[in-house]
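# Understanding the architecture of this molecule
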Amino acid sequence: MVSNTITRRASPVFIINKVDVTEQLLPYITSTDVTEHLEGSLDELVIKLNNDNNKFLTSNWVIPKKTEITLGIKTINWESELEGEKYHQIGVYNIDNRQFSRKEATFKAISGPLHAKDSKHSKIWAKVSLEALGKEFADKYKLKYFYKVKDNILLKNIKQEEQADFEFLNKIAQDEGIKLKITNGILVLFEEEIFVGEKTLLTVSLNNVSDFQIKDKTNDIYDAIEVKFFNMKTQKEEKVVITKKELETGEKEENPEKIYVLKSKPKGGDLKRLAKKTLENINKREIEISLKIIGCKELFVGCVIEILDAGEFSGKYVVTRIQHKFPKFETSLEAYKIKRSDAK
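The rules behind each value
- Residues numbered from 1 in each chain as written.
- Predicted model: local features only at pLDDT ≥ 70, side-chain atom pairs only at ≥ 80, totals over all residues.
- Heavy atoms only, no water.
- Helix = DSSP H or I, 4+ residues; strand = E, 2+ residues; numbered from the N terminus.
- Buried < 20%, exposed > 50% of the residue type's maximum accessible area, 1.4 Å probe, protein only.
- Areas by Shrake-Rupley, 256 points an atom, 1.4 Å probe, with all protein chains shown as cover.
- Lys, Arg positive; Asp, Glu negative; His and termini not counted.
- Charge placed at Lys NZ, Arg CZ, Asp CG, Glu CD.
- Salt bridge = Lys/Arg side-chain N within 4 Å of Asp/Glu carboxyl O.
- Patch = residues over 30% accessible without salt bridge, like charges linked within 9 Å, V, L, I, M, F, W, Y side chains within 5 Å.
- Expected span 1.5 Å × (residues − 1).
- Contact = heavy atoms within 4.5 Å.
- Polar contact = N/O pair within 3.5 Å; in protein donor to acceptor, adjacent residues only side chain to side chain.

As a further point, take the overall build of the chain. Assigned secondary structure in the chain consists of seven helices and 21 strands. Dimensions of the chain, computed from C-alpha atoms along their principal axes, come out at roughly 70 × 50 × 35 Å. Out of the 344 residues belonging to the chain, those deemed buried represent 47%. Carbon and sulfur atoms make up 47% of the accessible area of the chain, which totals about 18800 Å². If you average the places of the 58 positive and of the 54 negative side-chain charges in the chain, the two averages end up 4 Å apart.

On to the pattern of salt bridges. Tallied over the full model, the rule gives 21 salt bridges. Between glutamate 226 and lysine 228 there is a salt bridge, and its shortest N-O distance comes to 3.4 Å. Relative accessible area serves as the criterion here: at 14%, glutamate 226 is assigned to the buried category. Taking the shortest distance from any N to any O, the salt bridge between lysine 297 and glutamate 298 comes out at 2.9 Å. For glutamate 298, a relative accessible area of 34% gives the class partly exposed. Through salt bridges that share partners, Asp151, Glu191, Glu193, Arg273 and Lys277 make up one connected network.

Turning next to the side chain of aspartate 175. Take aspartate 175: it is sitting in helix H4 (residues 165-175). Aspartate 175 gets classed as buried once you look at its relative accessible area, which sits at 13%.

A word on a positive patch on the surface. A surface patch of positive charge is lined by Lys159, Lys233, Lys265 and Lys267. Among the structural elements, lysine 265 can be located in the loop between strand E17 (259-263) and helix H6 (271-283). Looking at lysine 265, the relative accessible area reads 51%, which means it is exposed.

With 13 residues, H6 extends 18 Å between its outermost C-alpha atoms, agreeing within 8% with the 18 Å of an ideal straight helix rising 1.5 Å per residue. Of all 13 residues that make up H6, ten are buried, and the element is covered over most of its length. Listing the buried residues of H6 in full gives Leu271, Arg273, Leu274, Ala275, Lys277, Thr278, Leu279, Glu280, Asn281 and Asn283. Considering only its buried residues, H6 is in contact with H4, strand E11 (179-183), strand E15 (224-231), strand E16 (236-243), helix H5 (244-249) and E17. The N-terminus of H6 is capped by aspartate 270, whose side-chain oxygen sits 3.3 Å from the backbone nitrogen of lysine 272.

For the rest of this paragraph, the subject is the environment of isoleucine 15. Along the chain, isoleucine 15 falls in strand E1 (residues 9-16). Counting along the chain gives 137 residues from isoleucine 15 to asparagine 152, while the straight-line C-alpha distance between them is 39 Å. Ignoring any residue separated from it by four or fewer positions in sequence, one finds isoleucine 15 in contact with Asp20, Glu68, Ile69, Thr70 and Tyr87.

All quantities given are derived from atomic positions and should not be read as evidence of function.
Okay, structure coming up:
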């Protein structure tokens, strides 16, 4: 009952090696930034602390590299006067970079296993499904695993040559039009379109945000895609062309003007599938929005938000990047607008 009379507040929660050290660290924290990405990059955590008297160089306060940190956010009466205390875990990170000066100690951490980032391996698979390949790497690094792809993609004759495991898996997945993400101790292989039909998590009026920017682009939008490769066995070029009109209406466009050319041979062998997914993903970013709002701990990359009071740009968006900042709890996000044809 006591918390119901307290003014709204929010603070980060730090758990190091499964021990809550928030009370010890909080007096020295100058800033905490955490950034989540939908694809292409590991999530990042940056913690800056007051290092007066070289405090974080002394044996009692040292935080070694490779230390596991779980970051959460605790709020009190954040949404309403009667809400009370709420907690939300943001992610699990591993420290891979430390910097010290007379005034400040900085710890940077990433969401992936550090030994996966630094170690390079070689292996050959004669035949394996993408789902099984993902599970093999998840098991290797003791990660939970989710495979959110409609099709069973069969890969043939794939070779890993002195590559980091997740760099290799990400390239294989990308060649099939599939995305990879590591977050909260989970490896996920997914199709981006799974997010489009999700329920709206948050509704935001542009009249109530700290700042925003809308980008309405034409330069990176294509009328068609051509995927091709030279088949060494047949000594012939194989290619497939898919148009934007074909994706949206099912009808071919005879003379597309702006064509995206991709020279690639998917290991699964399905050129049409790769062409379709690549064109969809490129053209999805036609309308993008960046927002700065009051802190919202429940947001996650891939969630759907609805933007109001934005004229023709009002509508539903998929979130692709989130950044939470302390000591003043603020959330910045980037998202792209869902087209009506995508939502069908």
